[in-house]
Amino acid sequence: MPITPFHRATRPLVTSLLLGGAALGAQQSLAAEVSIACGPGDATDYCPTLAQQWAEKTGHEVEVVSTPNSATERLSLLQQLLNSQSSDIDVMMIDTVWPGLLAEHLVDLNDYLEDDATEGFFPALINNNTVDERLVAMPWYTNAGLLYYRKDLLDKHGHEVPETWQQLTDTAEAIQAAEREAGNDGFWGYVFQGRAYEGLTCNALEWVASHGGGTIVDAEGQVTIDNPQAAAALDRAASWIGNISPEGVLNYTEEETRGVFQSGEALFLRNWPYVWSLVNSEGSEVAGKVGMAALPHGPDGEPAATLGGWSLAVSRYSETPQLAADLVAYITARPQQKAHAIRKNRNPTIESLYQDPEVLENNPAVTSVHENLLNGVARPASATGDAYARVSNAFFNATHSVLSGEQEGAEAVEQLQSQLERLGRRAW
């Protein structure tokens, strides 16, 4: 079956590479081809470079396929191929929340990799990629939610970096009032992603988990959202709207919040690690004035940062699954992850790289990212499988109803519990 969903025009990086030299004639005659669906093929996509390195190292051929930048479009294309049981793609990049959705189409990498293949990786990421005791993907790079703050304003007004949500609220109220009194009428204490979409699921999961309220659905597939801690977490977030957060936050995604913060109009920001280099770039109003920290926690919980990122998986329909698994192992190995962290500022999935001097010198943001990864919380994608999108949709809509004042937290989580239990009986 031709790879028509990817459109040949979007495949400028498709290439076949062989080790040269007459001495390799016999090796070339045995060479096989492995195809890998990488990212969009732009300057941020390091997958093609590493795939080509693997080809040069092994003498096999590799075909690199560029895919859309939109995760939604990429998922749709991969699903078309996998549902048709096409063998055209051997290795594919998959999002953190896709393992449960795609698991039936992916090989168990435990059958192809060394027994110690997962040693040194963050356990939460390996657990996220394990479905029914099958390792369906290897983590390549990761993200976790972070708290960005104006260190100059905390120093100016004599406040510490908050460790609890109550401290964040109190500090934001105090400094917002002082800045407005000084003439900065448009200044806000805290901005986050409040639109009804996946980003709100990430924020709200952090609020709930950090209050000791669980992870919506636990690892065994039991719905856990209806509890006092979860309700209190949502009510606390609702109290920010119009107080320390603008009404417009109810329609903010990552980039809207970054824009407010980077223009100097907010004290605190919840966002992903990519923001660090942008807020410190030339022309940024807050360059050199920003710090990063772990997200706060509630009175009965610990800090929690929703995990994001990408992994590499092998299709069940691959005609060369062992070679495909070898390619996955090569790209996700420590030396390649180190190069990725240094050259593209991506966050490794191998914990020891967060103490590597070269990584720290070239990518200083990893220090704060590391702390948050240790407190990482996975969205319940593995437990809910192909129902995850509906679970997330129900969760962020219920959360949005609390933020917008339509419901109280207790009512919202009680209704959500019933809705998800009905869904769970049918779908996982």
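Q: Quick question: what am I supposed to make of the overall build of the protein here?
A: Of the regular secondary structure elements, the protein holds 18 helices and 13 strands. Against the 2.2 N^0.38 benchmark of 22 Å for 428 residues, the protein shows a C-alpha radius of gyration of 23 Å, consistent with a compact globule. Across the protein, every contact between residues at least 6 apart in sequence was considered, and the portion connecting residues at least 24 apart equals 74%. For the protein, the computed accessible surface area is about 17500 Å², with 46% contributed by carbon and sulfur atoms. Considering the protein, the positive charge centre built from 25 side chains and the negative charge centre built from 56 side chains are found 5 Å apart.

Q: How should the packing of helix H2 (residues 47-58) against helix H12 (residues 321-332) be read in this particular structure?
A: For any two helices packed against each other, the geometry comes down to the angle between their axes and how far apart the axes lie. Contact geometry for H2 and H12: axes closest at 10 Å, N-to-C directions at 120°. It follows from the interaxial angle that H2 and H12 lie oblique. Along this stretch, H2 crosses H12, giving a crossing that reads as right-handed. Seen from H2, the contacting residues are Leu50, Ala51, Gln53, Trp54 and Lys57; seen from H12, they are Leu323, Asp326, Leu327, Tyr330 and Ile331. Here the residues of the contact of H2 with H12 sort into 7 nonpolar, 1 polar and 2 charged.

Q: What should I look at first to understand the packing of aromatic side chains in this one?
A: Two measures describe an aromatic ring pair: the distance that separates the ring centres and the angle between the ring planes. If you walk through the whole model with that rule in mind, you get 10 aromatic pairs. With a centroid separation of 5.4 Å and an interplanar angle of 45°, the aromatic rings of Trp165 and Trp240 are classed as tilted. On the criterion of sequence distance, the pair formed by Trp165 in helix H7 (residues 165-181) and Trp240 in helix H9 (residues 228-240) is long-range, its members being 75 residues apart. The class for Trp165 is buried, based on a relative accessible area of 1%. Considering the side-chain rings of Phe192 and Trp240, the 5.9 Å spacing of their centres and the 65° angle between planes classify their relative orientation as edge-to-face. Residue Phe192 is found in the loop between strand E8 (188-191) and helix H8 (198-210), and its partner Trp240 is found in helix H9; the two are separated by 48 residues along the sequence. Trp240 matches Phe192 in its accessibility class, with the two residues each being buried. Here a set of aromatic residues connected by ring pairs shows up, and it is made of Trp165, Tyr190, Phe192, Trp207 and Trp240. The cationic tip of Arg180 hangs over the ring face of Trp188; the distance from NZ or CZ to the ring centre is 4.4 Å.

Q: Hey, could you run me through the pairing of strand E1 (residues 33-37) in this one?
A: Along a regular strand, successive side chains alternate from one face of the sheet to the other. In terms of burial, E1 is a largely internal element, 4 of the 5 residues being buried. Where E1 and strand E2 (residues 61-65) come together, 5 bridges link them in parallel fashion. What sits directly across from Ser35, in E2, is Glu63. Crossover handedness for the path E1 to H2 to E2: right-handed. Inspection of the sheet shows E1 paired to strand E3 (residues 91-95) by 2 bridges, in the parallel sense. Residue Ile36 lies in a different strand from E3, and its bridge partner there is Val91.

Q: Explain the sheet that holds strand E10 (residues 290-293) here, please?
A: What the 4 strands build is an open sheet, ordered E8-E9-E7-E10; its pairing is mixed. Of all strands in the sheet, those with a lone pairing partner are E8 and E10, marking the two edges. For this sheet, the mean angle separating the axes of adjacent strands, direction not counted, is 15°. Where strand E7 (residues 146-150) meets strand E9 (residues 266-271), 4 bridges bridge the pair, whose relative direction is antiparallel. Looking at the pairing, Tyr148 lines up with Leu269 of E9. Contacts from helix H10 (residues 254-262) reach E7, E8, E9 and E10, with the element oriented near 155° to E9.

Q: Honestly, the environment of Gly409 in this entry has me stumped. Any pointers?
A: Relative to the helices and strands, Gly409 resides in helix H18 (residues 409-427). Separated by 348 residues in the primary sequence, Gly409 and Glu61 place their C-alpha atoms 55 Å from one another. Not counting chain neighbours up to four residues away, the residues in contact with Gly409 comprise Ala231, Asp235 and Val402.

Q: Got a minute to help me understand the state of the cysteines in this structure?
A: A complete count under the given rule lists 1 disulfide for this structure. The partner cysteine of Cys38 in its disulfide is Cys47, sulfur to sulfur 2.0 Å. With the S-S bond torsion at -60°, the cross-link from Cys38 to Cys47 turns out left-handed. You can call Cys47 buried: its relative accessible area is 0%.

Q: How do you make sense of the nonpolar core when you look at a structure like this?
A: Generally speaking, nonpolar side chains in soluble globular proteins are found buried as a group. Ranked by internal contacts, the top residues of the largest apolar core, which has 131 residues, are Ile36, Val91, Met92, Leu109, Tyr190, Trp207 and Phe268. In contact with Ile36, other than residues within four places in its own chain, are Cys47, Ala51, Val62, Glu63, Val64, Val65, Val91, Leu327 and Ile331.

Quick notes on the rules
- Along each chain, residues carry numbers from 1 onward, in the same order as the chain's sequence is written.
- For a predicted model such as this one, the threshold for reporting local features is a pLDDT of at least 70, and the threshold for listing and counting side-chain atom pairs is 80 or more; totals across whole chains, interfaces and linings nevertheless cover every residue.
- Only hydrogens and water are set aside when side-chain values are computed; all heavy atoms of the structure are taken into account.
- Numbering of helices and strands starts at the N terminus; helices are DSSP runs of H or I of at least 4 residues and strands are runs of E of at least 2.
- Radius of gyration means the value over C-alpha atoms here, while the globule rule gives 2.2 Å times the residue count to the 0.38 power.
- Note on contacts: a residue pair qualifies if any of its non-hydrogen atoms lie within 4.5 Å across the two residues.
- Each accessible area value is a Shrake-Rupley result obtained with a 1.4 Å probe; residue values ignore everything except the protein chains displayed when judging cover.
- Counting rule for charge: Lys and Arg are taken as positive, Asp and Glu as negative, and neither His nor the chain ends is counted.
- We put the charge of a Lys on NZ, of an Arg on CZ, of an Asp on CG and of a Glu on CD.
- Between N-to-C directions, angles span 0 to 180 degrees; the directions come from axes that are lines fitted to C-alpha atoms, helices contributing only their stretch in contact.
- Here is the rule for angles: anything less than 35 degrees is roughly parallel, anything more than 145 is roughly antiparallel, 65 through 115 is roughly perpendicular, and the remaining ranges are oblique.
- Crossing chirality is assigned from the near helix's rotation relative to the far helix, an anticlockwise turn below a right angle marking it left-handed and a clockwise turn marking it right-handed.
- Charged residues are taken to be Asp, Glu, Lys and Arg, nonpolar residues to be Ala, Val, Leu, Ile, Met, Phe, Trp, Tyr, Cys and Pro, and polar residues to be all remaining types, Gly included.
- Pairing of aromatic side chains here covers Phe, Tyr and the six-membered ring of Trp, requires ring centres within 6.5 Å, and sorts the geometry by plane angle: under 30 degrees stacked, over 60 edge-to-face, intermediate tilted.
- Only protein chains enter the accessibility calculation, which uses a 1.4 Å probe; a residue is then buried when its area is under 20% of its type maximum, exposed when over 50%, and partly exposed in between.
- Remark: a charge is flagged as sitting over a ring if the NZ atom of Lys or the CZ atom of Arg is within 6 Å of the ring centre and within 35 degrees of the ring normal.
- Paired strands, as defined in this entry, are two strands with at least two bridges between them according to DSSP.
- The handedness of a crossover follows from its direction of travel: if, with the strands pointing away from the viewer, the path from the first strand over the helix to the second runs clockwise, the crossover is right-handed.
- The term disulfide is used for any two cysteine sulfur atoms that are within 2.5 Å.
- Working definition of a nonpolar core: buried Ala, Val, Leu, Ile, Met, Phe, Trp, Tyr and Cys residues. They are joined through side-chain atoms within 4.5 Å.

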